[in-house]
Amino acid sequence: MTNGKLMRVTRAVYPGSFDPPTNGHLDVIERAARCFGELVVAIVVNPQKRAPMFSLEEREQMLQASVASLENVRVEHFRGLLADYVRALEADVIVKGLRVVSDFESEMSAALMNRALSDVDTLFLMSDQRYSFVSSSLVKEVFFLGGDVAALVPEPVLRVMAEKRTHLQRR
Ligand code: PNS
């Protein structure tokens, strides 16, 4: 309490498709969890780009298991505009990860659009350079073609991916 008022912690939202979550995502989550009082990892239900390979339930399960040890982090999902979601959540800031300079171009226009729509700023965190080449789409491609992605995704994600591959092979 300060001057009789409850102090509210800074609430940050880290949005994404997380199809699937990678070690790059987890690295950004861990960094953001150290910077902000509360971090909401927000899964977009229907990514604009293409239908996700992993269902919302699978993505939620993979993320929840991966962030279980981080007590100020929770996993949610949202539909529609990110700007509407962050406003409804009364979030103070949107967090995004940058891997390489080329990420910046699209992220800058998204940040400006989100600020115009919600008045919420986006803060960028540089992900660890070990993960600069790691994206969900590459991880999926390599894994389903038989490559080893164990060093690129959290262990709970690897398990769900293996189940998915077995399920797809049976069809
Ligand atoms: O992990 P991704 O696919 O790069 O995440 C993209 C995401 C979810 C952050 C973006 O697609 C998004 O915000 N979608 C919600 C719809 C929206 O608000 N679109 C306008 C963005 S400026």
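Before any of the text, the structure's been laid out above.
As a starting point, this report considers the structure included with it.

Rules behind the numbers
- Residues numbered from 1 in each chain as written.
- Predicted model: local features only at pLDDT ≥ 70, side-chain atom pairs only at ≥ 80, totals over all residues.
- Heavy atoms only, no water.
- Salt bridge = Lys/Arg side-chain N within 4 Å of Asp/Glu carboxyl O.
- Helix = DSSP H or I, 4+ residues; strand = E, 2+ residues; numbered from the N terminus.
- Buried < 20%, exposed > 50% of the residue type's maximum accessible area, 1.4 Å probe, protein only.

As for the pattern of salt bridges
Under the criterion given, the structure shown has 14 salt bridges. The partner of Arg87 in a salt bridge is Asp84, with the nearest N and O atoms 3.3 Å apart. Placement of both Arg87 and Asp84 in helix α3 (residues 82–88) is noted, with a separation of three residues, approximately one turn of the helix. Overall, Arg87 belongs to the partly exposed group, its relative accessible area being 46%. The residue Arg159 makes a salt bridge to Glu155 at a minimum N-O spacing of 3.0 Å. Here Arg159 and its partner Glu155 are both found in helix α6 (residues 155–170), four residues apart, which amounts to about one turn of the helix. According to the relative accessible area criterion, Arg159 is partly exposed, its value standing at 47%. What you see here is one network of salt bridges that share partners, running through Arg11, Glu38, Arg74 and Glu76.

Here's the deal with unusual backbone geometry
The omega angle of the peptide bond from Asp19 to Pro20 is 5°, so this bond is cis rather than trans. Mapped onto the elements of the fold, Pro20 is located in the loop between β1 (11–16) and α1 (23–35). A positive phi angle, close to 50°, is found at Phe18, a residue other than glycine. With respect to the secondary-structure elements, Phe18 resides in the loop between β1 and α1. The phi dihedral of Glu90 is positive, around 55°, even though this residue is not glycine. Within the secondary structure, Glu90 sits in the loop between α3 and β4 (93–98). Judged by relative accessible area, Glu90 falls into the exposed class, the value being 53%.

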